[in-house]
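Structural description and commentary
Each chain, letter by letter, is given below.
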Amino acid sequence: MKRAIFPGSFDPITLGHYDIIERGVKLFDELIIAIGVNHDKKYMFSLEERKRFIEESFKDEPKIKVVTYEGLTVDFCQKNDVEFILRGLRNPGDFEFEKAIAHTNRDLAPIETVFLLTAARTSYISSSIVRDVIRNNGDYTKLVPSTVRV
């Protein structure tokens, strides 16, 4: 069984994330959406809210599992028999950043990283942009799945 993890903070999940998940689920037998916990980071949405947004978005997709985790992604992969890490790329800056992480992960464990380019229609969307729109009372609904509500 080919299992992959799509890790992130998902604060909140965006239409860019949604696109990668929709396309990634076709490539694997199981796709684990893993919400990482970083105690040094200040989140706009609670862990429970972020998990609920994702679970509600994919409630009808049996190949998707949503979990939370702490620590290194490769440690999670090894403990849960996950062979692949799925990552989305929006731009060349994302590629350089993600490439370094992928090389480090491969040094730490036999885990392959699979990159998908975001769709052109969502390539400008990031969680930080969404949070800024929300903070300034803008229409964030065009940037996130309908399950994300402030």
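Residues numbered from 1 in each chain as written. Predicted model: local features only at pLDDT ≥ 70, side-chain atom pairs only at ≥ 80, totals over all residues. Heavy atoms only, no water.

Brief notes about the UniProt feature "site: Transition state stabilizer" (unreviewed entry) in the chain
For the record, the criterion: UniProt positions are given in the numbering used here, feature names are shortened, and annotations may be inferred rather than shown by experiment. It only takes one pair of heavy atoms within 4.5 Å for two residues to be counted as in contact.
Here the UniProt feature "site: Transition state stabilizer" (unreviewed entry) sits at H17. Ignoring sequence-local partners within four residues, the contact set of H17 consists of F6, F10, P12 and S127.

Focus: the layout of surface pockets
For clarity, the threshold we go by: Put plainly, a pocket is an open set of points on a 1 Å grid over the protein atoms alone with protein on both sides within 12 Å along at least five of seven lines, a cavity is a set where a 1.4 Å probe fits but cannot get out, and a lining residue has an atom within 4 Å of a point. Grid points are joined across faces, edges and corners, and a volume is the space filled by probe spheres set on the points. The way it works is that DSSP assigns letters per residue, a run of H or I at least four long becomes a helix, a run of E at least two long becomes a strand, and they are numbered from the N terminus. Residues were grouped as follows: Ala, Val, Leu, Ile, Met, Phe, Trp, Tyr, Cys and Pro as nonpolar; Asp, Glu, Lys and Arg as charged; and all remaining residues, including Gly, as polar.
One number sums up the size of the largest pocket: a volume of about 1000 Å³. What lines the largest pocket is a set of 40 residues, among which P7, G8, S9, R87 and E98 lie closest to the centre. Sorting the residues of the lining of the largest pocket by element identifies β1 (3–8), α1 (15–24), β2 (30–37), β3 (64–70), α3 (73–79), β4 (84–89), α4 (92–108) and α5 (127–135) as the ones contributing at least two each. With eight residues, the single largest contributor to the lining of the largest pocket is α4. A class-by-class count of the residues in the lining of the largest pocket yields 16 nonpolar, 17 polar and seven charged.

Quick word on helix α2 (residues 47–57)
In plain terms, the rule: Working definition: with a 1.4 Å probe on protein chains only, accessible area under 20% of the residue-type maximum means buried, over 50% means exposed, and in between means partly exposed. It is the directions from the helix axis to the C-beta atoms whose arc is reported.
Listing the buried residues of α2 in full gives R50, F53, I54 and S57. For α2, the angular spread of buried residues about the axis comes to 90°, placing them on one side. Elements that come into contact with the buried residues of α2 comprise α1, β2 and β3.

Focus: the pairing of β1
Formally: Think of it this way: DSSP has to see at least two bridges between two strands before they count as a pair. Seen with its strands pointing away from the viewer, a crossover is right-handed if its path from the first strand over the helix to the second goes clockwise.
In terms of burial, β1 is largely enclosed, as five of its six residues are buried. Strand direction decides the pairing type here: β1 and β2, joined by six bridges, are parallel. From the neighbouring strand, F6 faces β2, where its bridge partner is I33. Between the parallel pair β1 and β2, the chain is carried across by α1, and the sense of this crossover is right-handed. One ladder, built from two bridges, connects β1 with β4; its direction is parallel. Directly across from A4, in β4, lies its bridge partner F84.

As for the nonpolar core
Let me state the cut-off plainly: For the purposes of this section, nonpolar cores are sets of buried Ala, Val, Leu, Ile, Met, Phe, Trp, Tyr and Cys residues that join through side-chain atoms within 4.5 Å.
Of all hydrophobic cores here, the largest spans 27 residues; its most connected members are F6, I21, L31, I33, I54 and I64. When contributions to this core are tallied by element, the ones reaching two or more residues are β1, α1, β2, α2, β3, β4 and α5. In terms of residue count, β2 provides more of this core than any other element does, three residues in total. If near-sequence neighbours (up to four positions away) are discounted, I54 is found in contact with F10, I13, I33, I35 and V66. Residues I32, V67, Y69 and V74 belong to the second largest nonpolar core, which totals twelve residues.

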